[in-house]
Amino acid sequence: MATPMAAGPSASVHDSVGTKIRAALAVGKVRWGMLALVFFATTLNYIDRAALGVMQPILAKEMSWSTMDYANINFWFQVGYAVGFFLQGRFIDKVGVKRAFFFAVLLWSLATGAHGLATSAVGFMVCRFILGLTEAANYPACVKTTRLWFPAGERALATGIFNAGTNVGAMLTPALLPLILSVWGWQAAFVAMASLGLVWVVFWALKYYNPEEHPTVKPGELAYIQKEVEPEPAKASLASILGRRGTWAFAGAYMITAPVFWFYLYWLPPFLNQQYSLGISVTQMGIPLMVIWLTADFGSIGGGILSSFLIGRGMNAIRARLVSMLLFATCICSVVFAANASGLWIAVLAISLAVGAHQAWTANIWSLVMDYTPKHLMSSVFGFGGMCAAIGGMFMTQLVGYVLTATNNNYAVLFIAIPSMYFLALTWMFFMAPRKLEA
């Protein structure tokens, strides 16, 4: 006679995850509505970013950009991003996520539209700097929202869901841009993206509230969200934030690995176009990029599910995040095979696995910093870590431009170096991350 164990461990995992999702929805659904708002903000954030990579062949031809011109345009985005992260995290903690995020998305939408007026590489550098300065608010605001609205057991899943917006944005861009480019031209593409941002601003202003202020949240859901006991919030100076071990644990690891995603975002379209002579169309460039970013979506959400499952099985939250990150770092090694792949779809498969694993890694490192950081300091700590990541991105952008110029656009060295960055970051996080909520 069959026993209950006959279904095997995979069925047990599936049943456990399904039960947890049903239980989470039964508590209340308002927090998932707040999560939807930051998911769409992240999607728009990455549509604005990914568009430049997709349009690079057209813009480079029209304005005679060199490889270093394109690298410098991305460099100035990272400069703005670094400055913005330093300012935005503290600003969000000071004035509140609702007002700060409203003004940030309003300004970055206007900056996106201004790209349509640029006529040179220098003009794009100015626009990208302003875009980076304002878009830096996205992740501190999204992480702060998640920290406010979700208990520890749901944070990795919630983080994976809103972070999936990065991949949805990057996936929609090559699907929609070719149509706009063919009918109205590249200037209209920037105006269209700006318009989407302005629509989101209206929804945010009307729908977002903090948990204690939301007019429709049920007492049961509010109690569920706030069931964890935390120390009384105190005003924290920048010096006290920089004196926290957890701040440096996150900042160091994020500085090493976050720039890899920006490398994929900015340089994958030029790489695929060069390596396989692809044109800017849905069938040529669009489908490979959509497959890559769709895989990234699965990684983002799946990575959160894995660590949440381990926590549900009794593992300490921080240990569960680190174990999950080790698995995903191993999967990222597949990117080594992309540079010299014998065909387009072999390269796409290798890159897809690596990008999906990167997003799973990201969902867990963000959840990790939430686990040990008090919520009133969340945006400040994340903002500082994001600033460090943007500085790392500045150096990586220049390094990529230099390597490709020196090697006549040979990407092999870059793809080989990427996996080592994750193991270095994981080692740093293992020794530096606090094992419990910091006071």
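Along each chain, residue indices are assigned from 1 in the same order as the chain's sequence is written. Only residues with pLDDT of at least 70 get local features here, since the model is predicted, and only at 80 or more are side-chain atom pairs given and counted; chain-wide, interface and lining totals rely on the full set of residues. Side-chain figures throughout are based on the complete set of non-hydrogen atoms in the structure, without hydrogens or water.

(A) The arrangement of the overall build of the protein chain in detail. Numbering goes from the N terminus for both helices and strands, where a helix is a DSSP run of H or I of at least four residues and a strand is a run of E of at least two. When you go through the protein chain residue by residue, the secondary structure sums to 16 helices and zero strands. For the protein chain, the spread of C-alpha atoms along the principal axes amounts to about 60 × 55 × 40 Å. Looking at the protein chain residue by residue over its 439 residues, the buried ones come to 57%. Nonlocal contacts in the protein chain, meaning residues at least 24 apart in sequence, comprise 85% of its contacts between residues at least 6 apart. Split by element, the accessible area of the protein chain, about 17700 Å² in all, is 71% carbon and sulfur. Within the protein chain, one finds 26 positive and 16 negative side-chain charges whose respective centroids are separated by 5 Å. Each residue is assigned to one of three classes by its accessible area relative to the maximum for its type, calculated with a 1.4 Å probe on protein chains only: buried under 20%, partly exposed between the two thresholds, exposed over 50%. Any pair of residues with heavy atoms lying within 4.5 Å of one another is described as a contacting pair. Surface accessibility follows the Shrake-Rupley procedure with a 1.4 Å probe radius. Residue values consider only the protein chains on display as shielding. Counted as positive: Lys and Arg. Counted as negative: Asp and Glu, with His and the chain ends omitted from the count. In plain terms, the charge of a residue is placed at NZ if it is Lys, CZ if Arg, CG if Asp and CD if Glu.

(B) Region of interest: the side chain of Arg-155. In this structure, Arg-155 sits in helix H7 (residues 152-183). Given a relative accessible area of 3%, Arg-155 falls into the buried group. Side-chain atoms alone can form a polar contact between residues adjacent in sequence; in general such a contact is a pair of N or O atoms within 3.5 Å, and within protein one must be able to donate a hydrogen while the other accepts it. In this structure the side chain of Arg-155 is engaged in a polar contact, spanning 3.0 Å, whose partner is the backbone oxygen of Phe-150.

(C) Expanded view of the packing of helix H13 (residues 317-331) against helix H14 (residues 344-372). Viewed as axis vectors pointing N to C, H13 and H14 meet at an angle of 165°, and their least axial separation amounts to 9 Å. In terms of axis orientation, H13 runs roughly antiparallel to H14. The hand of the H13/H14 crossing is left-handed. Judged by residue contacts, Ala-317, Ile-318, Arg-321, Leu-322, Ser-324, Met-325, Phe-328, Ala-329 and Cys-331 of H13 engage Leu-353, Ala-354, Ala-357, Ala-360, Trp-361, Asn-364, Ile-365, Ser-367, Leu-368, Asp-371 and Tyr-372 from H14. Just so you know the grouping, Ala, Val, Leu, Ile, Met, Phe, Trp, Tyr, Cys and Pro go in nonpolar, Asp, Glu, Lys and Arg go in charged, and all remaining residues, Gly too, go in polar. A breakdown of the residues in the contact of H13 with H14 according to their chemical character gives 15 nonpolar, three polar and two charged. Lines are fitted to the C-alpha atoms to define the axes, a helix being fitted only along its stretch in contact, and any angle between axes, read from their N-to-C directions, falls within 0 to 180 degrees. An angle counts as roughly parallel when it lies under 35 degrees, as roughly antiparallel when it exceeds 145, as roughly perpendicular when it falls between 65 and 115, and as oblique in every other case. When the near helix sits turned anticlockwise from the far one by under a right angle, the crossing is termed left-handed; a clockwise turn instead gives a right-handed crossing.

(D) View of the packing of helix H2 (residues 30-63) against helix H8 (residues 186-207). At a minimum axis distance of 10 Å, the contact between H2 and H8 shows a crossing angle of 170°. Overall, the two elements H2 and H8 adopt an arrangement that is roughly antiparallel. Of the residues that constitute the contact of H2 with H8, the class distribution is 19 nonpolar, one polar and three charged.

(E) Spatial organisation of the domain arrangement of the protein chain. For the protein chain, the assigned domains read domain 1 (28-226) and domain 2 (244-438). Taken over both partners, the interface formed by domain 1 and domain 2 buries close to 4700 Å², and the fraction arising from carbon and sulfur atoms is 68%. Buried area counts how much accessible surface, traced with a 1.4 Å probe, disappears from two parts once they are put together, with both parts' losses summed. Of all residues in domain 1, Gln-78, Arg-147 and Asn-167 bury the most surface against domain 2, accounting for 14% of the area lost on that side. One side-chain nitrogen of Lys or Arg within 4 Å of one carboxyl oxygen of Asp or Glu is enough to make a salt bridge. Here domain 1 is connected to domain 2 by one salt bridge. When the shortest N-O distance is used, the salt bridge between Asp-371 and Arg-155 registers 4.0 Å. Applying the counting criterion to the domain 1 and domain 2 interface returns seven residue pairs in polar contact (both at pLDDT 80 or more). Note that the domain bounds were set by an automatic or database domain assignment.

(F) Broad picture of the packing of aromatic side chains. Planes of paired rings set the category: under 30 degrees apart is stacked, over 60 is edge-to-face and the rest tilted, where pairs are Phe, Tyr or Trp rings (Trp by its six-membered ring) whose centres lie within 6.5 Å. Taken as a whole and assessed by the stated rule, the structure comprises 37 aromatic pairs. Residues Trp-186 and Phe-190 carry aromatic rings whose centres are separated by 6.2 Å and whose planes lie at 85° to one another, so their mutual orientation is edge-to-face. Taken together, the residues Trp-186 and Phe-190, both in helix H8 and four residues apart, mark about one turn of the helix. Taking relative accessible area as the criterion, Phe-190 reaches 1% and is therefore assigned buried. On the basis of an interplanar angle of 75° and a centroid distance of 5.8 Å, the ring pair of Phe-263 and Phe-415 is categorised as edge-to-face. In this pair, Phe-263 sits in helix H11 (residues 245-276) while Phe-415 sits in helix H16 (residues 412-432), placing the two residues 152 residues apart along the sequence. Three or more aromatic residues joined by ring pairs form one cluster here, namely Tyr-46, Tyr-139, Phe-162, Phe-250, Tyr-254, Phe-261, Trp-293, Trp-366 and Phe-382. Counting as a charge over the ring demands two things of the Lys NZ or Arg CZ atom: a distance within 6 Å of the ring centre and an angle within 35 degrees of the ring normal. Sitting above the plane of the Tyr-209 ring, Lys-98 keeps its charged end 4.3 Å from the centroid.

(G) Spotlight on the pattern of salt bridges. Applying the stated criterion to the full structure yields six salt bridges. Residues Glu-221 and Arg-31 are paired through a salt bridge, measuring 2.9 Å at the closest nitrogen-oxygen approach. Taken together, the residues span a long stretch of sequence, with Glu-221 in helix H9 (residues 219-225) and Arg-31 in helix H2 at a distance of 190 residues. As far as the burial class goes, Glu-221 and Arg-31 line up, both buried. Each of Arg-31, Glu-154 and Glu-221 takes part in a single network of salt bridges with overlapping partners.

(H) Examining the nonpolar core more closely. By nonpolar core we mean a set of buried residues, namely Ala, Val, Leu, Ile, Met, Phe, Trp, Tyr and Cys, connected to one another through side-chain atoms within 4.5 Å. Formed by 144 residues in total, the largest nonpolar core has its most connected members in Phe-101 and Trp-293. For this core, the two domains that each supply at least three residues are domain 1 (28-226) and domain 2 (244-438). Excluding its chain neighbours within four sequence positions, the residues that come into contact with Phe-101 are Val-38, Ala-41, Trp-108, Ala-137, Asn-138, Ala-141, Cys-142, Trp-200 and Trp-204.

(I) Inspection of unusual backbone geometry at higher detail. The backbone of Asn-408 sits at a positive phi, close to 60°, despite the residue not being glycine. Tracing the sequence through the fold places Asn-408 in the loop between helix H15 (378-406) and H16.

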